[in-house]
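# Geometric and topological summary
Spelled out, the chains give:
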Amino acid sequence: MYKRQVEELQFLPWTWNKPNAIESEKLVTANDQLLNSEKKDEQLLAALVWIAINTGRSFRRALNIQITDLGDDWALNLKEKKLIRNQPRRKKSWVPKSENEKLWIYKYIETQQIDLPETVHRIINEHISKSPHAKLLGNLWNKEEWGMPESLFQAQFRQLVPRLTPGMLGNMLPQKVFAATENDKFTRIIASHPSTGLPPASAYSAWMQNEHPQVQFLSNNEPEDKNKISAGSQLYPIESLLKKAISEAGLSLESIRQSGNLIEYHNNLTGYLYTMILASTGCRPINDLVESIRQIDFESGYFYVDDKSNGRGNKGRLLALPDKLINFLRKEYLTHLRIISQAIDTEKSPLAYEIYQLAQGQHSDKIPLLFFINDKDVLDWESVSASKVSNLNLFNWPLPSNLFRHRLAKLLPAEGICQEIVDGYLGHLESGLETYGDYSTRTFLSDTRTLRPVLNKLFDRLEFALPKHQPYLKLEESLTISNVMQERTFGSASRAINRKARIVNAIKAAKWEIEKTLGDVSYTHLDVYKRQAC
């Protein structure tokens, strides 16, 4: 069962439970001929088979397609002469909530549509005129006169394609789409059913109208629809607006740098650098993204990130950093840390001493490499998070902090990067489909040689400013500098503690719900009820 599932997820063309290319061609040709049959039952069968093939539904599910204007699953809209459905999307996908958010993203086509061939429309329309109260396509079938439709299917096609069953029809569309696009995420969205869940990785990329003209319900000849999203994520930001916001943030940062205020400049520079790393890598916006200098290989240009660990093990991975960002970290940021440590005074402050150690390229157990400075009571450091960066108001976009993850998920394949490499780089894991798993033939280093030039290109396109260090940063004289530094957890250790706390709270909430539902009934009584039911 597990092997069969992996085969299906990889869309292998000769999998047993789907028609192969030869069988598909034979079936389509024979079915087109059957549409012109003189027998009404054969005509209707052919029309239903056409609908099943083109919607990615098994024959049984095609019979359950509703005859109505619109639905979450495919519906037959006779007025429009189309099959139509709401755009399929992952249930937890981001959706714009305000008009301001909508201004920053490409417009989204809310439905998918398939034009019915004239012959199919005529056949269906004739049968609906005889059964005007039919709600489903299956209601059009006259079982008393014709028997079961599956039986007629077998009788018509058994000799031509003996291995084929009505249930296999649902696998024809996804296999066709995958063969044309070589993108499993796109394929699974196109063939998805409302009752089946889509993997998290399918919630990131977006596909534009006419991007894949061989997929008929993405094709549209209307000029105004060329730049609309026709499948996938709605969080596909408009590049020109991003560049403008980044340019304005760079100018604001330079103005703050010129003022010489140490804390204000450092915090804004940290938020700016945090955003640059998200933009260049597409990693998840976690707390303490860069907790140690050991995460960065300055010589080879790699960055280790642990942005999706769980209780079952570490899922950290290496990412290729753009050349400009590596050079900025090595030259400007470390020099900036040295200036901060000197301004605070390493002889008086253990905080300044730890910052100086970072500036020297040394790991610290007491402070992350990327940190904010807090001066509310006593001068101290605090963790960097996406929400704190947003509170700086340095970047004026209204979009969530994982917008660059969506951007790379879209643009990397558009630049010719294989979807498997994109999945590995973005850390998308699915059982049996790991890009760099134990049984994968891919190697990260060889793929990086293909990936790095594209990452450089996409990062350069955003035109981030690379500010020079400010040698004249000053602290306000009224600030209190402590000679004691409290140790606290941060980074992966802090995230592990928070993750455990969430699990404990979830268990408590579940127990509370169970006890609330049971009321005065004890667990022993449940065993009695279970035995009586059996």
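Residues numbered from 1 in each chain as written. Predicted model: local features only at pLDDT ≥ 70, side-chain atom pairs only at ≥ 80, totals over all residues. Heavy atoms only, no water.

## Describing the nonpolar core
General note: in soluble globular proteins, nonpolar side chains tend to be found buried as a group. Counting residues in hydrophobic clusters, the biggest one holds 93 residues, and the most contacted among them are L289 and L412. Per-element accounting of this core gives the leading share, 11 residues, to helix α12 (residues 262–281). The residues contacting L289, other than those within four sequence positions of it, are Y274, I277, L278, C283, R284, Q295, F303 and V305. Among the nonpolar cores identified, the runner-up in size contains 42 residues, and A134, W146, V161 and M172 belong to it. (Core = buried A, V, L, I, M, F, W, Y, C linked by side-chain atoms within 4.5 Å. Buried < 20%, exposed > 50% of the residue type's maximum accessible area, 1.4 Å probe, protein only. Helix = DSSP H or I, 4+ residues; strand = E, 2+ residues; numbered from the N terminus. Contact = heavy atoms within 4.5 Å.)

## Topic: the side chain of K18
Along the polypeptide, K18 turns up in the loop between α1 (2–9) and α2 (21–34). Exposure remark for K18: the relative accessible area of 4% places this residue in the buried category. Here Q175 takes part through its side chain, which lies 2.6 Å from a polar atom of the side chain of K18. Ignoring anything within four residues of it in the chain, the contact list for K18 reads F11, L12, E23, R163, M168, N171 and Q175. (Polar contact = N/O pair within 3.5 Å; in protein donor to acceptor, adjacent residues only side chain to side chain.)

## Some words on the pairing of strand β3 (residues 82–86)
Here three bridges tie strand β2 (residues 75–77) to β3, and the two strands are oriented antiparallel to one another. Across the sheet, residue A75 finds its bridge partner in β3, namely I84. The loop that links β2 with its antiparallel partner β3 comprises four residues; one of these, K81, has a positive phi angle of about 55°. Sheet topology note: the β3/strand β4 (residues 111–115) ladder contains five bridges and is antiparallel. Counted as the bridge partner of N86 is T111 from β4. (Pairing = 2+ DSSP bridges.)

## Side note on the packing of helix α13 (residues 323–344) against helix α14 (residues 350–359)
Contact geometry for α13 and α14: axes closest at 8 Å, N-to-C directions at 160°. Of the possible angle classes, the one that applies to α13 and α14 is roughly antiparallel. Of the two possible hands of crossing, α13 and α14 adopt the one that is left-handed. Note on element contacts: α14 touches α13 through A352, I355, Y356, L358 and A359, opposite L334, L337, R338, I340, S341 and I344. Class assignment of the residues belonging to the contact of α13 with α14 gives a composition of nine nonpolar, one polar and one charged. (Axes fitted to C-alpha atoms, helices over the stretch in contact; angles between N-to-C directions. Parallel < 35°, antiparallel > 145°, perpendicular 65-115°, else oblique. Left-handed = near helix turned anticlockwise from the far one by under 90°. Nonpolar A, V, L, I, M, F, W, Y, C, P; charged D, E, K, R; others polar.)

## A look at α2
Across its 14 residues, α2 extends 20 Å between first and last C-alpha, which sits within 8% of the 20 Å expected from 1.5 Å per residue. Its side-chain oxygen placed 3.0 Å from the backbone nitrogen of I22, N20 serves as the N-cap of α2. (Expected span 1.5 Å × (residues − 1).)

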